[in-house]
Amino acid sequence: MSDPSPPPPSSPDLTGRRLGDFQLLRKLGQGGMGQVYLAKQLSLKRQVAVKILRDDHADNPTSRARFQAEAEAVARISHPNIVQVYAVGEDDGIRYMALEYVDGRTLRDHLDRKGPPDLPVAVAILRQVAAALQQAAELGLVHRDIKPENILVTRKVQVKVTDFGLSRYVAGDGQPLSLTQSGMTVGTPLYMAPEQVQGKAVDHRTDLYSLGVTAYHLLAGFPPFTGATAFDVAVKHVQQEPEPLALVRPDLPPELCRIVHRLMAKNPADRYATAKEVSRELAGVLKGLSAGGGTGGPLSLNVTLTGATVSGVSLGASSAPGTLTAVPREPGRWPWRVAGVAAVLAAFAGGWWAFGRASQPDTTPTASAGPGLPELKLPTPLMSARETALRDQWRTLPPHTRPQLEAGLALALLCLSERRLDDAERVFAEMNTPPPRPVKPGEYPLPVSAAVLAKFGRAVVLAHRDQAEESVKLFADAIAAIPKKDQQWLAVEKLCFTYPEFGHAIGAAVNRDAENLPKGTSLPTTVARLRNPAALLSGPK
Ligand code: ATP
Ligand code: MG
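Computed from a predicted model, the values in this text were never measured in an experiment.

A. Expanded view of the overall build of the protein chain. Scanning the protein chain for helices and strands turns up 21 helices and nine strands. Out of the 541 residues belonging to the protein chain, those deemed buried represent 54%. At a minimum sequence separation of 6, the contacts of the protein chain that also span at least 24 residues come to 66%. Summing over all exposed atoms, the protein chain offers an accessible surface of approximately 22,300 Å²; the carbon and sulfur share of this is 54%.

B. A look at the sheet that holds strand S3 (residues 34-41). Taking strand neighbours across the sheet as the criterion, the six strands line up as S1-S2-S3-S4-S6-S5 in an open arrangement whose pairing is antiparallel. On the outer flanks of this sheet lie strand S1 (18-19) and strand S5 (85-91), each paired with one strand and no other. One ladder, built from two bridges, connects S1 with strand S2 (residues 22-31); its direction is antiparallel. Considered in S2, the bridge of Leu 19 is made with Phe 22.

C. Broad picture of the confidence of the model for the protein chain. The predicted model of the protein chain averages 75 in pLDDT, with 70% of residues at 70 or higher. The element-level mean pLDDT for the protein chain is lowest in helix H11 (residues 335-338), coming to 22, with helix H9 (residues 254-263) highest at 97. In the model, residues 1-8 has pLDDT below 50 throughout and makes 19 contacts with residues more than four positions away in sequence or in other chains. This stretch, residues 537-541, has a pLDDT under 50; its non-local contacts, to residues over four places away or in other chains, come to eight contacts.

D. Just unusual backbone geometry, in detail. Non-glycine residue Arg 144 carries a positive phi angle of around 80°. Looking at the element boundaries, Arg 144 is found in the loop between helix H3 (119-138) and strand S8 (151-154). Accessibility expressed as a relative area gives 14% for Arg 144, which makes it buried. Within the chain, Asp 466 stands out as a residue other than glycine whose phi angle is a positive 65°. With respect to the secondary-structure elements, Asp 466 resides in the loop between helix H16 (450-464) and helix H17 (468-480). Judged by relative accessible area, Asp 466 falls into the partly exposed class, the value being 42%.

E. Just H16, in detail. Taking 1.5 Å per residue as the helical rise, H16 with its 15 residues ought to reach 21 Å, and the 21 Å between its terminal C-alpha atoms agrees with that figure. Extensive coverage of H16 is indicated by the burial of 12 of its 15 residues. Along H16, the residues classified as buried are Ala 450, Val 452, Leu 453, Ala 454, Phe 456, Gly 457, Ala 459, Val 460, Val 461, Leu 462, Ala 463 and His 464. Packing partners of the buried residues in H16 comprise helix H14 (402-417), helix H15 (421-431), H17, helix H18 (488-498) and helix H19 (500-516).

F. Structural view of the coordination of the magnesium ion (ligand 2). Taken together, the protein donors to the magnesium ion (ligand 2) comprise Asn 150 (OD1) and Asp 163 (OD), at separations of 2.0 Å. Of this pair, Asn 150 sits in the loop between H3 and S8 while Asp 163 sits in the loop between strand S9 (159-161) and helix H4 (166-171); the two residues are 13 residues apart in sequence, bridging distant segments of the chain. As far as burial versus exposure is concerned, Asn 150 and Asp 163 are alike and both buried.

G. Structural detail: the pairing of strand S4 (residues 46-52). Here S4 lies mainly inside the structure; five of its seven residues are buried. Examined bridge by bridge, S3 and S4 share six bridges and lie antiparallel to one another. Bridged to Val 36 within S4 is Lys 51. In this structure, the hairpin formed by S3 and S4 is closed by a connection of four residues, where Lys 45 is found at a positive phi of approximately 50°. With five bridges joining them, S4 and strand S6 (residues 94-100) adopt antiparallel strand pairing. Residue pairing for S6: Val 48 is matched across the bridge by Glu 100.

H. Region of interest: the nonpolar core. Judged by nonpolar contacts, the single largest core of 66 residues is most densely connected at Ile 125 and Leu 211. The element best represented in this core is H3, accounting for 11 residues.

I. Spatial organisation of the environment of Arg 391. Tracing the chain through its elements places Arg 391 in helix H13 (residues 385-396). In the structure, Arg 391 is positioned 19 residues away from Ala 410 in sequence and 9.5 Å away in space, judged by C-alpha atoms.

J. The sheet that holds S8, seen in detail. On the basis of which strands lie adjacent, the open sheet formed by three strands has the order S7-S8-S9 and antiparallel pairing. Each end of this open sheet is capped by a strand with a single partner; those strands are strand S7 (104-106) and S9. Between one strand and the next, the sheet's axes are offset by a mean angle of 25°, whatever the strand orientation. Here three bridges tie S8 to S9, and the two strands are oriented antiparallel to one another. Residue Leu 152 lies in a different strand from S9, and its bridge partner there is Lys 160. In this fold helix H2 (residues 107-114) packs onto S7 and S8, with an angle of close to 80° to the strand it touches most, S7.

K. Quick peek at the pattern of salt bridges. The final tally for this structure, using the stated rule, is 23 salt bridges. Two residues, Arg 249 and Asp 251, come together in a salt bridge whose shortest N-O distance is 2.8 Å. Here Asp 423 and Arg 420 are joined by a salt bridge, their closest N and O atoms 3.1 Å apart. We classify Asp 423 as buried; its relative accessible area is 1%. Its relative accessible area of 11% is what places Arg 420 among the buried residues.

L. Molecular detail of the environment of Phe 456. Among the secondary structure elements, Phe 456 is positioned in helix H16. Not counting residues up to four positions away in its chain, the partners in contact with Phe 456 are Phe 475, Ala 478, Ile 479, Val 492, Leu 495, Phe 502, Ile 506 and Leu 530.

M. A look at H3. An ideal rise of 1.5 Å per residue puts 28 Å on 20 residues; H3 measures up with 29 Å between its terminal C-alpha atoms. A large share of H3 lies buried, amounting to 17 of its 20 residues. Backbone geometry just downstream of H3 places Gly 140 in the positive-phi region, at approximately 75°.

N. Just the packing of aromatic side chains, in detail. Considering all chains together, one arrives at four aromatic pairs under this definition. Plain terms: the ring middles of Phe 22 and Tyr 96 are 5.8 Å apart, the flat faces sit at 70° to each other, and that makes the pair edge-to-face. On the criterion of sequence distance, the pair formed by Phe 22 in strand S2 and Tyr 96 in strand S6 is long-range, its members being 74 residues apart. Judged by relative accessible area, which is 6%, Tyr 96 ranks as buried.

Parameters and conventions
Residues numbered from 1 in each chain as written. Chains lettered and ligands numbered in written order. Predicted model: local features only at pLDDT ≥ 70, side-chain atom pairs only at ≥ 80, totals over all residues. Heavy atoms only, no water. Helix = DSSP H or I, 4+ residues; strand = E, 2+ residues; numbered from the N terminus. Buried < 20%, exposed > 50% of the residue type's maximum accessible area, 1.4 Å probe, protein only. Contact = heavy atoms within 4.5 Å. Areas by Shrake-Rupley, 256 points an atom, 1.4 Å probe, with all protein chains shown as cover. Pairing = 2+ DSSP bridges. pLDDT = per-residue confidence, 0-100. Expected span 1.5 Å × (residues − 1). Donors = N, O, S within 2.8 Å, 3.2 Å for Na, K, Ca; no water. Core = buried A, V, L, I, M, F, W, Y, C linked by side-chain atoms within 4.5 Å. Axes fitted to C-alpha atoms, helices over the stretch in contact; angles between N-to-C directions. Salt bridge = Lys/Arg side-chain N within 4 Å of Asp/Glu carboxyl O. Phe/Tyr/Trp six-rings, centres within 6.5 Å; stacked < 30°, edge-to-face > 60°.

Here it is in structure tokens:
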């Protein structure tokens, strides 16, 4: 296939309607399978979520029977980390499923808005998904579509996995997965196991693979395999090894990276045998974090190691509603100055949230082709709402003002995080154009000029292309291009402090350059200082 699946046809808004015992109150969202509503179950006077099922197989009795059987099987599960199925029904030709209502957002929403969470939060989420999978496996159920969209997370980081078995209903049981069939509107194969995309037998280890891919996305900020089409992605799951997580996030405990890669083993036999084992190993990682410095620093790592729930980690009551963060945090301080090893590990992740809060709009303006930014390669249906919004801001805000450059920077970093190096480079290159008019004082309070920002950005891109020598030269140029020689490092420090995600990208890029430089060549001292952003804090020498 050459295009991703078309979006589902739009359905009428059913707000206010009654379906059996359920009064639909407001629309919560729309997925590949249909709409989801907040509803009131009239007989029990409780809130529920009602999922309207787009029934592509309405006339197919086998499919209906399969759906019914699957719903019955899933209804047998009762687990704190699994969305409970209350009822299935049909009213006036509308098929629906009543589910436990979860007051939270999908993990996908969280990731799109804020990027990867702090490490203890990420591990706590993964453990709870593992607990859900363990319970399902004990009942002989395979989820088949574990992905961030199907993981709901409340403000208190309570995880609820949803849509158990539904992909079987949509995609067909035991059918080789055709990437053009209607089932693919349920999602892209971004998270699907090799055996699944090949139409081979699936079992509980298939879900473990998808858990691994989800974990990778959660920690790296992007899934391990992307591509312009569903087919490209599917082929990569079968044939390619993902870039080692430890290279993408050198700050992560190696043990955690090992767990994620083992989950993503191509051969099911090389994965973990059970989700319980995964849970146990994740608990070990948490324990290591706690031992490493969870005592009273800005990031408390008071995470319950035995149960599925966590304490000391919450979806910040003190921050914007619904945002995923670890609490408490002292604002305006570099976490690693005042805390132990664990906080150092989490410091950049924490910064990513801050970056997200400062620069990511919650609204989703529509993309329109306009002058300036050349077309990005990613087909629009695969482009996240966040990217669409950022592109819009980058194009429409007055050039060379802080909000416009911040949008550009966030856009370039997003492209970079998806390994779309050409796209990232284009954005950085555009930053390098001279301002169209003199910028008024106060209008541009960024620590470095747009031209310097662009140089750093292009140096990062070159590092990812493994053009280490060119990259290093450009990093040196970027530093040298900062006026006021005595304040160069202050400016770089401010840049990394204000935009920690960018600081992280710079540090990772210079480390990559160091590895890639020809034997006998070493980094110039100035550039070497960028390897460890913490070292910048010691100030100019
Ligand atoms: P897919 O069709 O592949 O499952 P999806 O997971 O993105 O796609 P849905 O499962 O239909 O879509 O969910 C759509 C939206 O409805 C979700 O993004 C979420 O915001 C909301 N939602 C789904 N289930 C619940 C629930 N039990 N409680 C609260 N909100 C829910
Ligand atoms: Mg879903």
